[in-house]
Amino acid sequence: MALLQIAEPGQAAAPHQRKLAVGIDLGTTNSLVAAVRSGQAETLPDQLGSHLLPSVVHYSQDVTVVGEQAKQNANLDPVNTIVSVKRLLGKNLSEVQQLYPNLPYHFDGQSSHLRMQVPGKTVNPIEVSADILRELKLRAENSLGDELTGAVVTVPAYFDDAQRQSTKDAAQLAGLNLLRLLNEPTAAAIAYGLDSGQEGVIAIYDLGGGTFDISILRLSKGVFEVLSTGGDTGLGGDDFDQIIFDYICAQTQLPNELSKGLRRRLLDDAKLAKEALSEDSAVDIEFVDDQGTSHNVVLSCVKFEALIQPLVKKTLRACKRALKDADVETDKVLQVVMVGGSTRVPLVRHQVGELFGKTPLTSIDPDKVVAIGAAIQADILVGNKPDAEMLLLDVLPLSLGLETMGGLTEKVIPRNTTIPVAKAQEFTTFKDGQTAMMIHVLQGERELVEDCRSLAKFNLTGIPPMTAGAAHIRVTFQVDADGLLSVTAMEKSTGVQSQIQVKPSYGLDESEIADMLKSSMHHAKEDMQARMLKEQQVEASRVAESLQSALQKDGEELLSEDELKAIQAAMDEMLSVAQQDDVENIKRSIEKVDQISQAFAARRMDKSINQALSGQSVNEL
Amino acid sequence: MNFFALFGLEASYDIDTTKLAATYKSLAQVTHPDKFSQSGGAEKLMAVQKNAQVNDGYQVLKNPLSRAEHLLSLRGIDMQHETKTLQDPSFLMQQMEWRESLEETSNAADPEAALAALDAELAIQTKLQYSQLADILKADTEQANLDAANRIRKLKFMEKLHREIELKEDALLDD
C-alpha cells in the first residue's frame, strides 16, 4: 500500500479545494473570459462592469493598451492600433496583403513572417493575441482572487493547423496553462446544456465579427460528437460593416483614397448603423470628409438586407454542405444554436430559422455563449467535477496530405476524421538512385498543391540509392486532441528517420517563443527565471498529485513491490528537487518520473479498457 | 493491430453496429486525452496513442468495406498497398457502361432524373455485392478470401462511382 502524502499546513491546496479555471473566447472583434463560480458559469466583467473586451491593442513607445481604451485610439492612431488580429493569425505577409489590401498597418517587409511596425518594436499576430489573453488573465485573477490553474481557449472549428498552433503559442506566451483548444460551436452547445437530456443532432450557426462557422453535432449520453464542420474563416459581421462602408462611399462619391482616420471613423459608423438596424427601420449616417464637406446618408433596413443577402446566402450554402457531410437531413436537426453578435441581425435569424424549419435558440447572449461553454469545460478538465461524464469528440476540420509528383496533393487524413488520429501512408522514389525526398505537408480540400495551405516542408535524407520505386517511405501523421499535427517519415528498409512538429511555415519554434517571452518579460518587469521555475514546480506537483491518486487506486493491483518502490523513490526525488530552484534539474526529475511510470500508465490504460468492454457486455445482458 | 479484439468482438464481417457504436463510446470515455489533462506526460501520450487506435478502429469497423478489408488483412491478404488491378472482363465492360451513362446524363433532358436512375441501378448492384461478400467471408479458405478480395475491389469502384454521381448531383443543385 502506497503511503499517502500530507502537505505542510498552508503549503498545498486541500484535496477538495476548487481549482480556478477559466474559459476564454478569443474573438475577432471582442474577447471574453468566464469562470464557474458557485456552480454557475458566468463571464467576468472588468472594473467598470464591462464583459466584452474589444480585441484591440494599441502600442505606443511606453505602454501597451488593450481593449476599450485602445479602441478609442483606433481613429487617432490607426497605424499602431491592431484590430481584428485573429484574422491575421497563422497567415504570412503575402496572404494578408491579398486578403486585406487596405489594412493601415506598416508591415515589416523583410521576412515572409508577418510583423507589424509599432513604436520602438515590431509585433506579430501571436504577440498581439497574447497581449489580449494577458489582459483577460489579469482580469480573471483579479476577480477570482487567485492564480489560475488552467484555461480553455476557443477557436473557430474551421481553423487550420497553423491558426490553432498560433493560438496555442499565444496562450503560452501569455502565461496561461492551456488545458485545451475548444471549438467555438462545441462550447456554445455546452453552454446551452445540450449535453444533458438532449439526444440527437444539433446545428451551431456562429456568425462572429470575422469568421463564420457551421457545425453539426450529435449528442448522446454526454458525448458530443462533431459530425462535420464548415464555414469561412474570412466572413463575418465585419464584412457587413464593410458593405455599409462601401455603400456610404458610393452614395457620397468619396474618392478611393481616404485618410486612415476617416476610413476608421466610417467603419465605426457603419457598425453602429448595422446595430441600430436590428431595431430601427432606417438610420442616418452623418460625417465630414477629408475635404471638409458634410455628408448625410440614409440607410433603410430593406436596403441593408438587400446588401447583405449574398453574404447570408453564402452561409446558408455552407450549412447545407455541412449537413450533407454529416449525412443528416435538414429535418433531423433538433436544435439550432445561434452564436456571435452578427446573429442579432433579424435577416440572419429569419433565414436560418427558415432553412432548418425551427426557431433558433437565442436565450443566452450570443456574444457570451462561447466563453460560458469554455468555462464549463475548463472546470471539468481541471478536475473540479470528477464524476462528469461529458466527453467531446472533435474532428479534423480540414484534410491533411502530402505533395506528390506533378504538384498534386495526396490526402492522408480526410477532414471530419475523429481526432486524436494517427495515419501512415507509404510513398516511393521517382528516380533511380534518389537519396533524398522532400516531404511537403499540406492542409486543405483542393487537389493542387498551390490551392492548399502549406504547413511544413522538410527533407528526408540518407535514403540508400535504389532503383526508382524500390524505396518505401512511410510517413506517419499524428493529430492530437487540439487538432495539432506532428509528422514522422521513415525509410522502411534502412530505418532512416526524420521527425517534425509541424510549425515552421507559420508557427514559431521553441527558441522564438523563448525570445518573445523574454521581450515581453522585459516590458512587464517580471523575472523570466522566476516564471520558468514556478511553472516547473507547478508541473511537478501536478504530476505528483495525479500519480499519487493513480497509485492509490491501482498501485497494489498492477505493480510489483519493487516497481512500486521505484516509482515512489523517483517521485520523492522529484518533490525534493522541486523545493530547490534548479529549473533544469526539476525538468529532468519530472521526465524521470514520467519514464519510470510508463509501464504503470500502460497497465492502467489496459485495465480501464477491459473494464469498459466488460461493462459493455454486462449492459448487453 | 486487430481492431476486432480492441473492441472485444469476434473477427467476423457480420457485427452488430449498434453495439459497436456503444462500445466505441465506452472506449472513448476511458482513452480520450481530456480524461488525462491533469496527468503526467507519459500518461497523456499513452492516451493520445490509444485513443487514436480506438478512433481508427471504429472508422474501420463501422464501414462495411474497410471492415471486410481489415478482416482479410487479419487472414493474411493485404489489399492496402496493392497496385494490382481487377482482372474481370465482364465487370470491366460493366464499368465502362456505367461511366458512359454517367457522362451521358449531362445531355439528358432531365439530368437530375437520369442521375437518380443510374444511382438506383448502381445501388441494387452494390447491395447484391455486399450480401454476397458477407456470405463468402463466412468461410476462411484461400479460395473464399481471394474471391472476397475481388468483390472488395469491385465494391471500391462502385462506391467511387456513387460518390461521383453525388458530386454531379451537388453541382446541379448549386447552379
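These figures come from a predicted structure and were not determined experimentally. (Residues numbered from 1 in each chain as written. Chains lettered and ligands numbered in written order. Predicted model: local features only at pLDDT ≥ 70, side-chain atom pairs only at ≥ 80, totals over all residues. Heavy atoms only, no water.)

A. Broad picture of the overall build of chain B. Broken down by element type, chain B carries seven helices and zero strands. What you see for chain B is a C-alpha radius of gyration of 20 Å, clearly larger than the 16 Å of a compact globule of 175 residues, by over 25%. Overall, chain B is about 65 × 45 × 30 Å in size when its C-alpha atoms are taken along their principal axes. The contacts of chain B with a sequence gap of at least 6 include a subset with a gap of at least 24, amounting to 68%. Summed over its atoms, the accessible surface of chain B is roughly 9100 Å², and 52% of this surface lies on carbon and sulfur atoms. In chain B, which carries 19 positive and 29 negative side-chain charges, the distance between the mean positions of the two groups comes to 8 Å. (Helix = DSSP H or I, 4+ residues; strand = E, 2+ residues; numbered from the N terminus. Rg over C-alpha atoms; globule rule 2.2 N^0.38 Å. Contact = heavy atoms within 4.5 Å. Areas by Shrake-Rupley, 256 points an atom, 1.4 Å probe, with all protein chains shown as cover. Lys, Arg positive; Asp, Glu negative; His and termini not counted. Charge placed at Lys NZ, Arg CZ, Asp CG, Glu CD.)

B. Spatial organisation of the environment of Arg-349 of chain A. Residues and elements named next belong to chain A. Tracing the sequence through the fold places Arg-349 in helix H9 (residues 346–356). Given a relative accessible area of 29%, Arg-349 falls into the partly exposed group. When the C-alpha positions of Arg-349 and Asp-451 are compared, they lie 33 Å apart, and in sequence the two are 102 residues distant. Look past the residues within four positions of Arg-349 in its chain and what remains in contact with it is Met-338, Thr-343, Arg-344, Pro-360 and Thr-362. (Buried < 20%, exposed > 50% of the residue type's maximum accessible area, 1.4 Å probe, protein only.)

C. Main features of the sheet that holds strand S5 (residues 56–59) of chain A. Residue and element names in this part refer to chain A. Pairing within the open sheet is antiparallel, and its three strands lie in the order S6-S5-S7. Edge strands, defined here as strands with exactly one partner in the open sheet, are strand S6 (64–66) and strand S7 (81–83). In this sheet, adjacent strand axes meet at a mean angle of 15 degrees when their direction is disregarded. Sheet analysis places S5 next to S7, joined by three bridges and oriented antiparallel. Bridge pairing in S7 links Val-57 to Ile-82. Relative to the sheet, helix H3 (residues 125–144) contacts S5, S6 and S7, its axis offset from that of S5 by approximately 110 degrees. (Pairing = 2+ DSSP bridges. Axes fitted to C-alpha atoms, helices over the stretch in contact; angles between N-to-C directions.)

D. Inspection of the packing of aromatic side chains at higher detail. Under the counting rule described, the total for this entry stands at six aromatic pairs over all chains. Taking the centre distance of 4.0 Å and the plane angle of 5 degrees together, the rings of Tyr-24 of chain B and Tyr-58 of chain B count as stacked. With a gap of 34 residues between them, Tyr-24 of chain B in helix H2 (residues 17–31) and Tyr-58 of chain B in helix H3 (residues 41–62) connect regions that are remote in the sequence. Three or more aromatic residues joined by ring pairs form one cluster here, namely Phe-91, Trp-98 and Phe-157 of chain B. The ring of Phe-159 of chain A carries the charged tip of Lys-86 of chain A above its face, separated from the ring centre by 6.0 Å. Taking the ring centre of Tyr-13 of chain B as reference, the NZ or CZ of Arg-67 of chain B above it sits at 4.9 Å. (Phe/Tyr/Trp six-rings, centres within 6.5 Å; stacked < 30°, edge-to-face > 60°. Lys NZ or Arg CZ within 6 Å of the ring centre and 35° of its normal.)

E. Local environment of the pairing of strand S10 (residues 150–155) of chain A. All names here are of chain A. By the criterion of burial, S10 is predominantly enclosed, with six of the six residues buried. Burial along S10 is two-sided: the face carrying Gly-150, Val-152 and Thr-154 and the face carrying Ala-151, Val-153 and Val-155 are both buried. The pairing of strand S1 (residues 21–25) with S10 spans five bridges and is classified as parallel. The residue of S10 that forms the bridge with Ala-21 is Gly-150. For S10 and strand S11 (residues 178–183), the ladder comprises five bridges, and the chain directions are parallel.

F. Inspection of the packing of helix H6 (residues 237–252) of chain A against helix H8 (residues 301–326) of chain A at higher detail. All names here are of chain A. Orientation of H6 relative to H8, taken along the N-to-C sense of each, is 130 degrees, at an axis distance of 10 Å. In terms of orientation, H6 and H8 fall into the oblique class. The handedness of the crossing between H6 and H8 is right-handed. Only Lys-303, Phe-304, Leu-307, Ile-308, Leu-311 and Val-312 of H8 make contact with H6, whose side of the interface consists of Asp-239, Phe-240, Ile-243, Ile-244 and Tyr-247. Tallied by class, the residues present in the contact of H6 with H8 amount to nine nonpolar, no polar and two charged. (Parallel < 35°, antiparallel > 145°, perpendicular 65-115°, else oblique. Left-handed = near helix turned anticlockwise from the far one by under 90°. Nonpolar A, V, L, I, M, F, W, Y, C, P; charged D, E, K, R; others polar.)

G. The arrangement of the environment of Leu-65 of chain B in detail. Within the element layout of this structure, Leu-65 of chain B appears in helix H4 (residues 64–74). If sequence neighbours within four positions are ignored, Leu-65 of chain B has contacts with Tyr-130, Ile-152, Leu-155, Lys-156 and Glu-159 of chain B.

H. Fine view of the interface of chain B and chain A. Every contact between the two is made by 41 residues of chain B and, on the other side, 42 residues of chain A. At the junction of chain B and chain A, the tally comes to three salt bridges. Our enumeration of links across chain B and chain A arrives at eight residue pairs in polar contact (both at pLDDT 80 or more). It is H3 of chain B that provides the largest number of residues to the side of chain B that touches chain A, a total of 13 residues. Residues of the side of chain B that touches chain A, tallied by class, amount to 15 nonpolar, 16 polar and ten charged. (Salt bridge = Lys/Arg side-chain N within 4 Å of Asp/Glu carboxyl O. Polar contact = N/O pair within 3.5 Å; in protein donor to acceptor, adjacent residues only side chain to side chain.)

I. Spotlight on the UniProt feature "domain: J" (unreviewed entry) in chain B. UniProt feature "domain: J" (unreviewed entry): in the numbering of this structure it lies at residues 2–74 of chain B. Here residues 2–74 of chain B runs as 71% helix and 0% strand, with 7 Å between its end C-alpha atoms. (UniProt positions renumbered as here; feature names shortened; annotations may be inferred.)

J. Focus on the pairing of strand S23 (residues 437–443) of chain A. Residue and element names in this part refer to chain A. Within S23, six of the seven residues are buried, which leaves the element mostly enclosed by the surrounding structure. As defined by bridge partners, strand S19 (residues 400–404) adjoins S23 across three bridges and the pair is classed as antiparallel. In the sheet register, Gly-401 faces S23, and the bridge partner there is Leu-442. Sheet topology note: the S23/strand S24 (residues 453–460) ladder contains seven bridges and is antiparallel. Note that in S24 the partner of Val-441 across the bridge is Ala-456.

K. Expanded view of the confidence of the model for chain B. Residue and element names in this part refer to chain B. Averaged over every residue, the pLDDT of chain B is 89; residues scoring 70 or more account for 94%. Within chain B, helix H1 (residues 3–6) carries the highest mean pLDDT (96), whereas helix H7 (residues 142–174) carries the lowest (88). For this predicted complex, the interface confidence score (ipTM) comes to 0.82, while the overall pTM stands at 0.80. (pLDDT = per-residue confidence, 0-100.)

L. Highlighting the packing of H8 of chain A against H9 of chain A. All names here are of chain A. Contact pair H8 / H9: the axes reach a minimum separation of 10 Å and the direction vectors enclose 35 degrees. Between H8 and H9 lies a crossing of right-handed hand. In this structure, H8 contributes Glu-305, Ile-308, Gln-309, Val-312, Leu-316, Cys-319, Lys-320 and Leu-323 to the contact, and H9 contributes Leu-347, Val-348, Gln-351, Val-352, Leu-355 and Phe-356.

M. View of helix H5 (residues 89–104) of chain B. Residues and elements named next belong to chain B. With 16 residues, H5 ought to run about 22 Å at 1.5 Å a step, and its terminal C-alpha atoms sit 23 Å apart, in line with that. If you check which residues of H5 are buried, you get Phe-91, Gln-95, Trp-98 and Leu-102. Looking straight down H5, one finds that the buried residues subtend no more than 65 degrees of arc, so they occupy a single side. In H5, the exposed positions angled more than 90 degrees off the buried face are occupied by Pro-89, Ser-90 and Glu-103. (Expected span 1.5 Å × (residues − 1). Arc of directions from axis to C-beta.)

N. Structural context of the nonpolar core. Counting residues in hydrophobic clusters, the biggest one holds 51 residues, and the most contacted among them are Phe-7, Tyr-13, Leu-61, Leu-72, Trp-98, Leu-133 and Leu-137 of chain B. Looking at this core element by element, the count peaks at nine residues for H7 of chain B. Counting the residues that make up this core, at least three belong to each of domain 1 (3–62) and domain 2 (89–174) of chain B. In this structure, Ile-248, Ala-273, Leu-277 and Val-348 of chain A belong to the second largest nonpolar core, which totals 50 residues. (Core = buried A, V, L, I, M, F, W, Y, C linked by side-chain atoms within 4.5 Å. Domains from an automatic or database assignment.)

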